[in-house]
Amino acid sequence: MIIKKIQIDNYLCYFDTNTFELSEGLNIILGENGEGKTKFFEAVDWLFNGENRELEMLVSAKKLNETEIGDSFRVRVSMTVEQYGEKSIITKSFLAKKEKANECSTSSFMIEGISENSSGERTQVDGTDLLKRIFPSEILRYSMFKGEAELSIFENEDALATLVSNFPVVIRYDKYSEKGSFLREKSEKAVEDSSKRNKKNLADYNRIESEISRLQREKDKYEVHHNSTIDEIRKIEEHLQDAEKNVSNADALDILNKRIRGIEEKISDLNVNIDENYTTFLFDENWILVNFELFQKEFADKVSAHSKTRRELQSNFDKQKGVKEGEKKAKAELLNNAVPLPIGVPSKSHMEEMLNDEICKVCNREAKKGSEEYEFMMKRLKSYLESQVIVDNEPDNAEPLFKFNYTNRLDNLSISHEDNLKNLRLIRTKIKNLFEYNEARKSDLAELNEQLTNEKIEREQIVGKSSIAEEKLIDVLKNYNAWQRDLKNRNQDQVDYAMKLKLIENDLRERKEDKDKIDTNSANSFEIKTRNIFRDIETIFIDTKKKKFDEFIDKLQKKSNSFFKTINIDAFTGTIVFTQKNKVNRTIVEVMLQEDGRTFYKPNQSLLTSMHISILFAISELASEIKEENFPMIFDAPTSSFGENKTAQFLNLIFETENQKILLIKDFLHTDKATKTLSIKKEFESVRRNKAFWVKLKRPFDPNNLKTINSQVITL
């Protein structure tokens, strides 16, 4: 089928009538974002799939604005196709009537169909039926794609199997295999009924059937376990592969974080050890004593001189005191030895005797009481007696020369300082050592801080190169190790389940053989032969269908990889691999990218897009080879992740393919920054195509007013 023309009337940004006269092969529609490219795709999609709801939302605002209130106009999308030598026109439209300034009502929705034969005769046909006939929905599913995300239809594990099953080379065997199964089951039932009529074998027959049922249940159970384990293994491998992109960074980050923690601990220790509280520790307590020795020497000299003077004074004082003590002793000795009289003075008894006799026996003169002589003698006696009393009352402990022994304290202080001089002499060394220690630690600290800065910069670079945040990167290594353990366990589970399944299948086969023996011995030979024939027929059809399915898949895989490597010429691709699996009584086909036999779970979007497109192209080409039908493919922005150079290669590749393709892309357009005018780059001239259009908004327009919007269609 070829789309010859698409006409869009008054549909959103397409004001009045806009026609795309399409060609076979590659048709390229260029358009900047928001200028009508996607609306073209949506208009075609509305034609095929659109519903008759909210139609007023599809009306051109410009057309509505220019229409008088009460007037009507038709919104229409029409497609002319050529198929099997006949031309068909499908038109979907509705009537829009302007009710108010910005409002309209819609009516007369219709899908019209016109068939035109090779001689040019036109026939009105049912539009809906025509639409289903020319573009079946199961084909449409693989023919129209909006954006790169929609290309991933094969991530649905049933999609490819269903598609392949619908190809004639495969589907024609369905009815035979179904019929073969029906006949085989009937013949099996006939044989069983015949065997059960033999009462002798009934007990064994029932027992074997019961065991077969039990074994079949066991087999089904372990198949579920086995399949789910395989799914788990794939998920774990996917996790691991996803983590592997970051595990080296995670490992480096883990090492760096350990180094950073080590450096931070050293810095913390150094900061604790560095004591720069110099004011109180050194200057206030020690530094002021650094020059104390000179003062101590002067102090000691003065103390020594003072001590000497004191001792001399004390010695003189002691001598004087000794003299006095000697005199005192001498006097004491005179008084104690017969009371000698003082020189020239009579003794006390003489004096008392002379007073009593009233005669001076020294001068031998009379001394009557009351006379001058008598009074003289009394006075001398009194003086004598008083002198004796004074001598007797003189204190034993005379006042010391020095009341307080400050000198001794000064001596001790001087001695103490002398003893401490050694420590004082070490103050300079201690201070020097302390400064040197602190400077050394500060030097170490500076070096460590520099290391820390470098390590943190390296850590930032590692985190910056990673596609995930630092917190998740830290978890990657932990999860990676856990997933590796899980993978090892699940692989062992898979081996165990596979072994268990094999044992069950062996038992099941033996039980069926036992059952066949009873059947052979009990049932009618004709029934046995018939059953065996139908068994063989069913096997042949099933095997043939599987063989054709496998052949198709193999061919599809080869063609897909051929496109894949061409699209990604001179770049890494890996290999597209289709894997068939039996899952709960159905066959699924998984599409994966492998690198040297290892599944490549997380390809980038560009690789993923080219893989999906390659499969679609391969399917389209295989369909063409079978000559059953050839359908156009319409892609809206399928190569957003490609870049212009790769897009050019991609378009040139598509040009070589046979069936019709319509691609809407935003590449090869240039906007002049100064004038804001759009132009097509020269590079587009080298892009091979059969037809090209440029859809762009007619200038000038108000970006805030849809009434001014009108997409032009320019044929290049």
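Since the structure is predicted, the reported quantities are computational estimates derived from the model, not experimental observations.

Points about the packing of helix H7 (residues 199-273) against helix H12 (residues 406-465)
It is at 9 Å that the axes of H7 and H12 come closest, and there the two elements cross at 160 degrees. The angle between the axes of H7 and H12 places the two elements in the roughly antiparallel class. For the crossing formed where H7 meets H12, the hand is left-handed. When grouped by side-chain class, the residues that make up the contact of H7 with H12 number 13 nonpolar, seven polar and ten charged.

Some remarks on the sheet that holds strand E19 (residues 711-715)
Whenever strands of a sheet pair, they do so through backbone hydrogen bonds, lying parallel or antiparallel. What the six strands build is an open sheet, ordered E8-E14-E15-E3-E18-E19; its pairing is mixed. Both edges of this open sheet fall to strand E8 (144-146) and E19, since each of them pairs with a single strand only. Here the strands of the sheet are splayed against their neighbours by 15 degrees on average, with no regard to which way each runs. By the bridge criterion, three bridges tie E8 to strand E14 (residues 633-636) in an arrangement that is parallel. Among the inter-strand pairings, Met144 is bridged to a residue of E14, identified as Ile634. Each of strand E3 (26-30) and strand E15 (661-665) is contacted by helix H16 (residues 644-656), which is oriented at about 165 degrees to E15, the strand it contacts most.

Some thoughts on the nonpolar core
Phe650 and Leu651 are the most contacted members of the largest nonpolar core, which totals 46 residues. Beyond its immediate chain neighbours, meaning those up to four positions away, Leu651 contacts Leu26, Ile28, Leu663, Ile665, Phe668, Val687 and Arg688. Core analysis: the second largest hydrophobic core is formed by 44 residues, Ile6, Val44, Leu47 and Ile662 among them.

Notes on the pattern of salt bridges
For the coordinates displayed, the defined rule picks out 37 salt bridges. One salt bridge connects Arg699 with Glu35, and the closest N-O pair in it is separated by 2.8 Å. You can see Arg699 sitting in the loop between strand E18 (691-697) and E19 and its partner Glu35 sitting in the loop between E3 and helix H1 (37-49), a full 664 residues away along the chain. We classify Arg699 as partly exposed; its relative accessible area is 38%. Put simply, Glu439 and Lys442 hold a salt bridge, and the shortest N to O gap is 3.3 Å. Of the two residues, Glu439 and Lys442 are both situated in helix H12; the distance of three residues between them amounts to about one turn of the helix. We classify Glu439 as partly exposed; its relative accessible area is 42%. Taken together, the shared-partner salt bridges connect Glu188, Glu192, Lys515, Asp516, Asp519, Arg531 and Arg535 into one network.

Concerning the confidence of the model for the protein chain
Counting all residues, the mean pLDDT for the protein chain is 83, and 90% of those residues have values of 70 or more. Note that pLDDT drops below 50 for residues 334-341; the model gives that stretch 13 contacts with residues more than four away or on any other chain.

Regarding the packing of helix H13 (residues 470-522) against helix H14 (residues 525-567)
Viewed as axis vectors pointing N to C, H13 and H14 meet at an angle of 140 degrees, and their least axial separation amounts to 10 Å. Compared by their axis directions, H13 and H14 come out oblique. Here Asp516, Asp519 and Thr520 of H13 lie close against H14, whose contacting residues are Ile528, Arg531 and Arg535. Residues of the contact of H13 with H14, tallied by class, amount to one nonpolar, one polar and four charged.

What counts and how
Residues numbered from 1 in each chain as written. Predicted model: local features only at pLDDT ≥ 70, side-chain atom pairs only at ≥ 80, totals over all residues. Heavy atoms only, no water. Axes fitted to C-alpha atoms, helices over the stretch in contact; angles between N-to-C directions. Helix = DSSP H or I, 4+ residues; strand = E, 2+ residues; numbered from the N terminus. Parallel < 35°, antiparallel > 145°, perpendicular 65-115°, else oblique. Left-handed = near helix turned anticlockwise from the far one by under 90°. Nonpolar A, V, L, I, M, F, W, Y, C, P; charged D, E, K, R; others polar. Pairing = 2+ DSSP bridges. Contact = heavy atoms within 4.5 Å. Core = buried A, V, L, I, M, F, W, Y, C linked by side-chain atoms within 4.5 Å. Buried < 20%, exposed > 50% of the residue type's maximum accessible area, 1.4 Å probe, protein only. Salt bridge = Lys/Arg side-chain N within 4 Å of Asp/Glu carboxyl O. pLDDT = per-residue confidence, 0-100.

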